[in-house]
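As a plain string of letters, each chain reads:
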Amino acid sequence: MSDQQHEDRELVSPRDRFGERIRTNLSAESIQARIIETELRTLALTFEELSTSAQVPQAAALLLGARRRYVAGEGKAAAYAQLLNADLSATLSNVFLVDGHALQPLTVLTDVRASDVLIAFSLRRYREETVRLGQLFREAGGQLVVITDSEDAPLAPLATSLIRVRTGSASYADSPTPVAAVCHLLSALTTASAKGARRRLAERDRLVARLGLYSSDPSRPEVDEEVET
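Okay, so let's go over this structure.

What counts as what
Residues numbered from 1 in each chain as written. Predicted model: local features only at pLDDT ≥ 70, side-chain atom pairs only at ≥ 80, totals over all residues. Heavy atoms only, no water. Axes fitted to C-alpha atoms, helices over the stretch in contact; angles between N-to-C directions. Helix = DSSP H or I, 4+ residues; strand = E, 2+ residues; numbered from the N terminus. Parallel < 35°, antiparallel > 145°, perpendicular 65-115°, else oblique. Left-handed = near helix turned anticlockwise from the far one by under 90°. Contact = heavy atoms within 4.5 Å. Nonpolar A, V, L, I, M, F, W, Y, C, P; charged D, E, K, R; others polar. Expected span 1.5 Å × (residues − 1). Buried < 20%, exposed > 50% of the residue type's maximum accessible area, 1.4 Å probe, protein only. Arc of directions from axis to C-beta. Salt bridge = Lys/Arg side-chain N within 4 Å of Asp/Glu carboxyl O.

Moving on, we get to the packing of helix α5 (residues 77-89) against helix α8 (residues 177-193). At a minimum axis separation of 9 Å, α5 and α8 run at an interaxial angle of 20 degrees. Regarding the angle of α5 to α8, the classification is roughly parallel. When the axes of α5 and α8 are compared, the crossing they make is right-handed. Residues Y80, L83, L84, D87 and L88 of α5 touch α8, and the partners they reach there are V179, A180, C183, L186, S187 and T190. Of the residues in the contact of α5 with α8, the class split is eight nonpolar, two polar and one charged.

All right, on to helix α7 (residues 128-139) then. In this model α7 runs 16 Å from its N-terminal to its C-terminal C-alpha over 12 residues, within 8% of the 16 Å that 1.5 Å per residue would give. For α7, the set of buried residues is T130, V131, L133, G134 and F137. Down the axis of α7, the buried set is contained in an arc of 165 degrees. They therefore lie on one face. Elements that come into contact with the buried residues of α7 comprise β1 (68-72), β2 (95-98), α6 (105-109), β3 (116-122) and β4 (143-148). Phi for G141, located one or two positions after α7, is positive at around 105 degrees.

A word on the pattern of salt bridges. According to the stated counting rule, one finds 10 salt bridges in the structure shown. Here E49 and R166 are joined by a salt bridge, their closest N and O atoms 2.6 Å apart. Of this pair, E49 sits in helix α3 (residues 28-51) while R166 sits in the loop between β5 (161-164) and α8, and the two are 117 residues apart along the sequence. The salt bridge involving R206 is made with E203; its shortest N-O contact spans 2.9 Å. Linking R206 with E203, this pair stays in helix α9 (residues 197-211), spanning three residues, or about one helical turn. Owing to a relative accessible area of 23%, E203 belongs among the partly exposed residues under this scheme. A network of salt bridges, in which partner residues are shared, links R67, R68, D111, R113 and D116.

Read these as geometric descriptors, not functional statements.
Rendered as structure tokens:
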């Protein structure tokens, strides 16, 4: 790890990062240029590292072979969990978002099977709720996919599959770009091999039309209510 990367990892809180990264005497154009440059570099580095490992394909295989798939994250990571949950739910059955409201961690932990998988988003400053859930889920015999920003993260040693993302940024907030990209990559790989994915998507389109969920697009033909089996 370079000195610059080490110093960046030392900036734990958003307040510290703001003081180090944001210069109020810079123009909006200069700040924008710095952020865009850093985001491109961070995303490229994440993809470069993932392309030389088998962690994302391994995680996709775990999801495909699972009986139940749970997705969890707290704080800002809850947004990533919700994003991945939405994408996986479109083509897989038994995908559940552990949000602490509709589905409580306690409910999940009372019935963990070896064929269950938990995808945990655990990014600094590593929310204790997610760490405890991951630890207890693994202890109960479930499989754990950890999406994190460091191999030293609390849940890293327990991961069946560890997906590391880079989050370097020129902003006070760590970069969300590689995390969202990994969500897209993981859901795409999983969907590509999921049995019945095409049928489920066709059925969703039919139901979306029946429920009138989206504004009508006159340029798009009506969805046929007959679903190919």
